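Results of the structural survey
Each chain, written out:
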Amino acid sequence: MNILFFLHPKNEVAFIYKHDTLRQALEKMEIHRYSAVPILDKEGHYVGTLTEGDLLWGIKRLYSLSVRDAENVPITQLPRRLDNQPVCANANMEDLIDKALNQNFVPVVDDSKHFIGIITRKDIIEYCYRLTKTQNKDFQEMIQMI
């Protein structure tokens, strides 16, 4: 199966640019109610993932801020615990599932490493559930015929 079946394209995904400020990141995450967002560079390459935890721990360790002060803090000054590992658009399902086991979304990049969207773990689980349910139904019908 082609992993792009699961893709949420870039134009439907909230993300931030690495030159954005702390305030911009906070506001975008609050508006969209996301706990993590991809970080892109100006050219659209995937740089990493910013999480609520990165924001909270970074603010605690580095700053005692007001929202106004947050306008002057680039998000690149906040340390990140880890970045969600991306897959290429031509990756196979095994690679996708391997990444999704440990992260709630998987960034997808093209051959030039440009960010093209995300695949959520929820979408993969829902697909597997529907597939299993269909297969179980077919199996149950086959048993009843015997």
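Here we summarise the structure given alongside this text. (Residues numbered from 1 in each chain as written. Predicted model: local features only at pLDDT ≥ 70, side-chain atom pairs only at ≥ 80, totals over all residues. Heavy atoms only, no water.)

The subject of this paragraph is helix H4 (residues 93-100). Considered for burial, the residues of H4 that qualify are Met93, Leu96 and Ala100. The arc that holds every buried residue of H4, seen down its axis, measures 65°, which confines them to one face. At the N-terminal end of H4, a side-chain oxygen is found 3.1 Å from the backbone nitrogen of glutamate 94, two or three residues along, and the residue is asparagine 92. (Buried < 20%, exposed > 50% of the residue type's maximum accessible area, 1.4 Å probe, protein only. Helix = DSSP H or I, 4+ residues; strand = E, 2+ residues; numbered from the N terminus. Arc of directions from axis to C-beta. Polar contact = N/O pair within 3.5 Å; in protein donor to acceptor, adjacent residues only side chain to side chain.)

Attention now goes to helix H1 (residues 22-32). Listing the buried residues of H1 in full gives Leu22, Ala25 and Met29. Angular distribution of buried residues about the axis of H1 spans 65°; they occupy a single face of the element. Opposite its buried face, H1 presents the exposed residues Glu30 and Ile31, each directed more than 90 degrees away. Just downstream of H1 lies arginine 33, where phi reads positive at about 60°.

What follows covers the side chain of aspartate 123. Positionally, aspartate 123 belongs in helix H5 (residues 121-145). Among buried charged residues, aspartate 123 stands out as having no salt bridge; its nearest opposite-charge side chain is lysine 122, 6.4 Å away. Excluding residues within four positions of it along the chain, aspartate 123 makes contact with Phe6 and His8. (Lys, Arg positive; Asp, Glu negative; His and termini not counted. Salt bridge = Lys/Arg side-chain N within 4 Å of Asp/Glu carboxyl O. Contact = heavy atoms within 4.5 Å.)

Moving on: the sheet that holds strand S5 (residues 87-88). Reading across the sheet, the four strands line up as S1-S7-S6-S5 and stay open at both edges, with mixed pairing between neighbours. Every other strand in the sheet has two partners, leaving strand S1 (8-9) and S5 as the edge strands with one partner each. As paired elements, strand S6 (residues 105-109) and strand S7 (residues 115-120) share five bridges and run antiparallel to each other. Residue pairing for S7: valine 106 is matched across the bridge by isoleucine 119. (Pairing = 2+ DSSP bridges.)

Let's shift gears to the sheet that holds strand S2 (residues 16-17). The strand order across the open sheet formed by three strands is S2-S3-S4, and the pairing between neighbours is mixed. Each edge of the sheet is formed by a strand with only one pairing partner; in this case those strands are S2 and strand S4 (46-51). Of the pairings in the sheet, the one linking S2 to strand S3 (residues 36-40) comprises two bridges and is parallel in character. When the bridges of S3 are listed, tyrosine 17 appears paired with leucine 40. Sheet contacts for H1: S2, S3 and S4; angle to S4, the most-contacted strand, approximately 70°. (Axes fitted to C-alpha atoms, helices over the stretch in contact; angles between N-to-C directions.)

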